[in-house]
Amino acid sequence: MTKKITINPITRLEGHGKIEIFLDDKGNVDDAYWQVVELRGFERFCLGRPVEELPRIVSNICGVCPTPHNMASVKALDDLYEVEPTPTAKLIRQLHYNAFMVEDHLLHFFILAGPDFVLGPSADPAERNILGVIAKVGLEIGGKVIEVRKRCREIIRYIASKPPHPEGGLPGGVSRGITEEDRKWMKETADFSVEFCQFALELFKQIVLDNKEYLNLVLNDAYKLNTYYMGLVDENNRVSFYEGKCRVVNPKGEEYALFDYHDYVNHIGEWVEPWTYIKLTHLRKIGWNGLNDGEATSLYRVGPLARLNAADSMYTPLAQREYEAMFDILGGKPSHHTLAFHWARLIEALQAAEHMQRIANDPLLTSKDIRNMALRLSKVGIGCVEAARGTLIHHYEADGDGKTTKVNLIVATQHNAAPICLSIKKAAMGFVKGPEVKEGLLNMVEMAFRAYDPCLSCATHALPGRMPLMLNIRDRNGSLIRTVQRP
């Protein structure tokens, strides 16, 4: 008789989901599913709105990646209004964007992923959290994590008003320029960020790489998946967060495709399964081959490790040095080790901080030429950026009055959804043996999805039928009287 282990809710991610593990008669894992059990409907309720309102609406899609949604939306409007931002506007946008990448990557590493490594996968769950991390590494380091994120978010606030839901960015430019006086503290923030990201990388090496048990965990086959990889690259195939072309490499690391993101529909296929609200994606020209990895797979991954696998190098020198060191230790490119996403995340944070330094020293940053007003409304606009979690595409269409008639969002966690399911299954098969399983082993299954830093709020917009509903009726003492369930 099939037995089932349910992990619900799963923890330390943005959104709500659960994991179900099915065991065979011998107690071995037969299958496992990562299910997303929430629904958002931004693609529907944006319809009919003036298209210029979308950057302010979509930044409310969640509290974790509002800046990428705002930025992809603004770039879609540039496209829809057929206007090129001024050089200064582009610098300001990229300063905003790199500040976000620094604070978001550090948030995930220290607060969401850190407890698994700093305290250990099997530590007491009551201590396996950010407070436990601070108790272990010390208040001074905890204070610096807060400080660097606070300073970066101050840059976002200055440029885009509200860090949780930024409103900056207009078609053809930005709404606010930067003064020479403000350049000073922004340079200090960039310098502080570079210093802290270097420190974070050294901390990772001390805690994870110098610990044989943890290094073996990173290299464990239970956390390994052979897939394609995708990420934006610049004209020299370097990692790019703001602009460039989408590059896809196959499981051997060979270039499979290099395409303009305006052509995404010819390369990315979307797929719906009845057991989850999240849309799955695949490489369209190969076709949907199900949840499989290996040479025949049509699945690809996005996000930090995927970007480093898809690119030939980093954009900045300190990050490049770390990039080379990482692939040396992992055995070359591409690396299929899922837990290495954490390492790649810190290298990307360093690139973002170095890029902030470069922008903060650019003479053009304080020019007053912050918007190109040569707007001409067309019917279609597509924007693309690399969110912290992976490639983010916004596709809008509008009528002659500028009212929105179509919205399609392909967000990072959609690209990774099918690989996350596979990663969960592999980890479960590696660590779960029998129905009686210690909590620490189940946490090691959860570690397989945490590496992707999934954000479910903005990724869930498939509606295959109707929403399931479970209603628990309890008496005044909280005792369950009856459960009513709609499948």
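Residues numbered from 1 in each chain as written. Predicted model: local features only at pLDDT ≥ 70, side-chain atom pairs only at ≥ 80, totals over all residues. Heavy atoms only, no water.

Q: Help me understand the sheet that holds strand S12 (residues 404-410) in this model?
A: An order of S10-S11-S12 is seen for the 3 strands of this open sheet, with the pairing classed as antiparallel. One side of each edge strand has no neighbouring strand; the edge strands of this open sheet are strand S10 (380-387) and S12. Neighbouring strand axes in the sheet, compared pairwise and without regard to direction, differ in orientation by 10° on average. Sheet topology note: the strand S11 (residues 390-398)/S12 ladder contains 6 bridges and is antiparallel. Residue pairing in the sheet places Glu-397 in a bridge with Lys-406 of S12. Packed on one face of the sheet, helix H12 (residues 412-431) meets S11 and S12 and runs near 45° to S12. (Pairing = 2+ DSSP bridges. Helix = DSSP H or I, 4+ residues; strand = E, 2+ residues; numbered from the N terminus. Axes fitted to C-alpha atoms, helices over the stretch in contact; angles between N-to-C directions. Contact = heavy atoms within 4.5 Å.)

Q: Where do I start with the pairing of strand S4 (residues 228-233) in this structure?
A: Looking down a regular strand, the side chains alternate between one sheet face and the other. Taken across its 6 residues, S4 has 6 buried, putting it largely inside the fold. Where S4 and strand S9 (residues 300-301) come together, 2 bridges link them in parallel fashion. Among the inter-strand pairings, Tyr-228 is bridged to a residue of S9, identified as Tyr-300. Here 5 bridges tie S4 to strand S5 (residues 245-249), and the two strands are oriented antiparallel to one another. Bridging from a neighbouring strand, Val-233 pairs with Lys-245 of S5. (Buried < 20%, exposed > 50% of the residue type's maximum accessible area, 1.4 Å probe, protein only.)

Q: Would you mind going over the pairing of S11 with me for this structure?
A: Most of S11 is tucked away, with 8 of its 9 residues classed as buried. As defined by bridge partners, S10 adjoins S11 across 8 bridges and the pair is classed as antiparallel. Bridge pairing links Ala-387 to Gly-390 in S11. Between S10 and S11, which pair antiparallel and follow one another directly, the connecting turn spans 2 residues. Counting the residues that bridge the hairpin from S11 to S12 gives 5 residues, and of these Gly-402 lies at a positive phi of roughly 80°.

Q: Quick question: what am I supposed to make of the pattern of salt bridges here?
A: It is possible for side chains bearing opposite charge to pair when their charged atoms get close. For the structure shown, the criterion picks out 26 salt bridges. A salt bridge links Arg-49 to Glu-53; the shortest N-O distance between them is 3.0 Å. Judged by relative accessible area, Arg-49 falls into the partly exposed class, the value being 38%. By relative accessible area, Glu-53 is classed as partly exposed at 21%. A salt bridge links Arg-238 to Asp-234; its shortest N-O distance comes to 2.7 Å. Look at the salt bridges and you will find they share partners, linking Glu-103, Arg-149 and Arg-153 into a network. (Salt bridge = Lys/Arg side-chain N within 4 Å of Asp/Glu carboxyl O.)

Q: Can you walk me through helix H5 (residues 130-137) in this structure?
A: At 3.6 residues per turn, the α-helix brings residues three or four places apart onto the same side. Structurally, the start of H5 carries an N-cap: the backbone nitrogen of Leu-131 is 3.0 Å from a side-chain oxygen of Asn-129. Taken from the residues just after H5, Gly-138 is the one with a positive phi, measuring 105°. (Polar contact = N/O pair within 3.5 Å; in protein donor to acceptor, adjacent residues only side chain to side chain.)

Q: Looking at this structure, I do not really get the packing of aromatic side chains. What am I missing?
A: Aromatic ring pairs are reported here in terms of the distance separating the ring centres and the angle at which the planes meet. Applying the stated rule across the entire model yields 14 aromatic pairs. Both rings, one in Phe-117 and one in Tyr-214, keep their centres 5.9 Å apart while their planes meet at 80°; by these two values the pair is edge-to-face. Of this pair, Phe-117 sits in helix H4 (residues 87-118) while Tyr-214 sits in helix H8 (residues 212-219); the two residues are 97 residues apart in sequence, bridging distant segments of the chain. Grouping residues by exposure puts Phe-117 and Tyr-214 together as buried. Considering the side-chain rings of Phe-196 and Phe-199, the 5.6 Å spacing of their centres and the 45° angle between planes classify their relative orientation as tilted. Within this pair, Phe-196 and its partner Phe-199 are both found in helix H7 (residues 180-209), separated by 3 residues, close to a single helical turn. Cation over ring: Arg-176 sits above Tyr-158, and NZ or CZ is 3.8 Å from the ring centre. (Phe/Tyr/Trp six-rings, centres within 6.5 Å; stacked < 30°, edge-to-face > 60°. Lys NZ or Arg CZ within 6 Å of the ring centre and 35° of its normal.)

Q: What is the right way to read the packing of H4 against helix H6 (residues 139-160) from this model?
A: Helix packing for two helices is described by the angle between their axes and how far apart those axes are. At a minimum axis separation of 9 Å, H4 and H6 run at an interaxial angle of 150°. Our classification of the angle between H4 and H6 gives roughly antiparallel. When the axes of H4 and H6 are compared, the crossing they make is left-handed. On H6, the residues touching Ile-92, Leu-95, His-96, Ala-99, Phe-100, Val-102, Glu-103, Leu-106, Leu-107 and Phe-110 of H4 are Val-145, Val-148, Arg-149, Cys-152, Arg-153, Ile-155, Ile-156, Ile-159 and Ala-160. For the contact of H4 with H6, a count of residues per class yields 15 nonpolar, 1 polar and 3 charged. (Parallel < 35°, antiparallel > 145°, perpendicular 65-115°, else oblique. Left-handed = near helix turned anticlockwise from the far one by under 90°. Nonpolar A, V, L, I, M, F, W, Y, C, P; charged D, E, K, R; others polar.)

Q: I'm lost on helix H11 (residues 340-360) in this one. Help?
A: Across its 21 residues, H11 extends 30 Å between first and last C-alpha, which sits within 8% of the 30 Å expected from 1.5 Å per residue. Burial within H11 is extensive, with 19 of its 21 residues counted as buried. (Expected span 1.5 Å × (residues − 1).)

Q: Any chance you could explain the side chain of Thr-67 here in plain terms?
A: Note that Thr-67 resides in helix H3 (residues 66-80). Given the relative accessible area of 0%, Thr-67 is considered buried. A distance of 3.3 Å separates the side chain of Thr-67 from the side chain of His-96, its partner in a polar contact.

Q: Looking at this model, I keep getting lost on the nonpolar core. Mind explaining?
A: One broad rule of soluble globular proteins: the nonpolar side chains tend to lie buried together. The biggest cluster of nonpolar side chains holds 131 residues, and the ones touching the most others in it are Ile-21, Trp-34 and Tyr-396. With 13 residues, the top contributor of residues to this core is H4. Those residues within four positions of Trp-34 in sequence are excluded, and the remaining contacts are Ile-10, Lys-18, Ile-19, Trp-275, Thr-413, Ala-417, Ile-420, Cys-421, Ile-424, Phe-449, Pro-454 and Leu-456. Membership of the second largest hydrophobic core comes to 18 residues, among which are Ile-268, Leu-283, Ile-382 and Ile-410. (Core = buried A, V, L, I, M, F, W, Y, C linked by side-chain atoms within 4.5 Å.)

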